[in-house]
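An overview of the molecular structure
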Amino acid sequence: MDEVIQVTQWLSSITPRKKAKLFFFTTHADAPSPMVGSNDVDTHEETQLPLATTVALHNFKNIDEFLKKKVNTFSCYNVIENEITKTDYEYLRFYSACKYLDVVPPFLDLEKISAIQNKFEMTDEERDYRLLLDSADLVLEKVCDSLKPAGVSEMWTALRKDRNLIRGVKTIDIIGFFVDPNPTGIKECLFFFIVRFLQKADKINRVNTNRLERLIAQCDESSSCEEGKTIDFIIDSLRFYPTELYPFGFCLIMCVIEGRDGAMQEIEKTMEISRHLGMITHTEKNPTKETIELVKKELMKPKYQFYSSFTCWFMSHGDSNSMVLADGETIEREWFLTSFTDISTFQLKPKVFFMVSCRGANKFSLKGDEFEGQSATCDYYDIGSALIRNRMLDITDSVRDISYVQPMMDTLVAYSTILDHLSGRANTHGSIYVDRACVLMSENISRGRSLTEILEHLSQDLHEILQETMDEDRIVYKQACHYDSFFRKTLKLPYTRHPKEDVHSAPQ
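This structure is a prediction, so every number in the text was calculated from the model and none was measured.

Let us look at the nonpolar core. Within the largest apolar cluster, 101 residues are counted, with the highest numbers of intra-cluster contacts made by Trp10, Phe191, Phe336 and Phe340. Broken down by element, the residue count for this core peaks at ten residues, all from helix 13 (residues 186–200). Two domains share this core, each providing at least three of its residues, namely domain 1 (1–29 + 43–239) and domain 2 (249–364 + 407–486). Here tryptophan 10 is in contact with Leu22, Leu67, Val71, Phe94, Cys98, Val103, Val104, Pro105, Pro106 and Phe107, once residues within four sequence places are set aside. Counting 37 residues, the second largest nonpolar core, distinct from the first, contains Trp313, Leu348, Val434 and Met441.

What follows is the structure in structure tokens.
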């Protein structure tokens, strides 16, 4: 059959709503860079004009033309270059979006998909199409699905009132002030236009969504939300780190085995819980400085930009400032953290570090201690919320910026013990902290708990356990863990386990 006819038949089989979503997922706002064939040219015409004209004319002609152009480009594309190109990235995104929406063209060359995945050096686990979907876009899709056409229309009206933001933008004028979002697919096009416009204007990204939340907050709940949804529910969904679908993220496990009883048990437990959470996992036993440098270099490869989170378990002996490696050398704990948090592939994504080692030799000893009950009181003042608001600064958009981000932002570091203190372990089972952390995370899958909630529970649980030193003094002591958080959103554990689905992977 003629290819033109095939493309036409394929497009005619896709509903308007799915066409809008396919366009949205394909014109992803945060493509990996630098890449061969990519540049800084404004893609305004490509990503916003088709949406604007579709909303204005109630006609999907331009989106159809865009999708035809993509299919034709992929059809003529030869996967022969060693470098990863912009087309490679777009091909994978297009395939994953089609797979997710169940609209894969029957004529799409899946062998090319496999060849591109080879260029990205993807493992069998990483060839699952769900890895290629952007979690932030999936969250935005759900927000759109939760809003009625009237709600998106109210968002548009609120956006149009921001003269400083829309001044000189031609696509805004194409749509006009008043729109009818009721025809099938038009609501989605209008919402996705608003999202891409705010992203291009550097007003929102995968972490900073305040500007979008403020637009949604101006909607009338009675007419704006789909059944069972509320404005608060929709806004709350934007306040979690986007970690939709499989995998939950990439997990790196580094464990020094030499001189650490129960270390293999630590590895088994952390591997089990990471897989239980739906993470793709890599383990390094007995790491050295050379190992750490090689891992850092590996994590800078383009394929890691597809992951939505990063978790690292580092288990070894240590003192207040450093950790002992397998060859006896030490590394500064802060150097390790800053060198991994600055990796560009995980920028704007949650990064969690479990640092499991002693940070000194002190113990919170119970033997002979006397505890005297103490209480503290404070005065409470009843200050009305209106009075509080009147005293607050008026922070305008002109003094806000989301372009520059401190490397430690979106990072959480969980320590197995407090500074200058021991981190306890059992001879056969390894770190008690690792054991309790894995148990609590496993128990809280499907309960909608956030990571910080679990860490707070872990702090309570661990501090109840009486431990004993293994020396001749046999001192009974307690251990206290804690964490430092630079999170800007809440990181929730997945509601269900997401095992790899071979059926959805491209052919090898």
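Here the narrative resumes, following the displayed structure.
A few words now on the UniProt feature "domain: Caspase family p10" (unreviewed entry) in the protein chain. The positions UniProt marks with the feature "domain: Caspase family p10" (unreviewed entry) are residues 410–443. Between the C-alpha atoms that bound residues 410–443 there is a distance of 25 Å. The span itself is 35% helix and 26% strand.

Here the focus is the pairing of strand 1 (residues 249–255). Counting buried residues along strand 1, seven of its seven residues qualify, which places the element largely inside the surrounding structure. As defined by bridge partners, strand 1 adjoins strand 2 (residues 279–285) across seven bridges and the pair is classed as parallel. Bridge pairing in strand 2 places isoleucine 253 opposite threonine 283. Regarding the hand of the β-α-β motif, the stretch spanning strand 1, helix 17 (residues 263–276) and strand 2 is right-handed. Bridge count between strand 1 and strand 3 (residues 310–315): six bridges; the pairing is parallel. Bridge pairing in strand 3 links cysteine 251 to threonine 311.

Rules behind the numbers
Residues numbered from 1 in each chain as written. Predicted model: local features only at pLDDT ≥ 70, side-chain atom pairs only at ≥ 80, totals over all residues. Heavy atoms only, no water. Core = buried A, V, L, I, M, F, W, Y, C linked by side-chain atoms within 4.5 Å. Buried < 20%, exposed > 50% of the residue type's maximum accessible area, 1.4 Å probe, protein only. Helix = DSSP H or I, 4+ residues; strand = E, 2+ residues; numbered from the N terminus. Domains from an automatic or database assignment. Contact = heavy atoms within 4.5 Å. UniProt positions renumbered as here; feature names shortened; annotations may be inferred. Pairing = 2+ DSSP bridges. Right-handed = clockwise from strand over helix to strand, strands pointing away.

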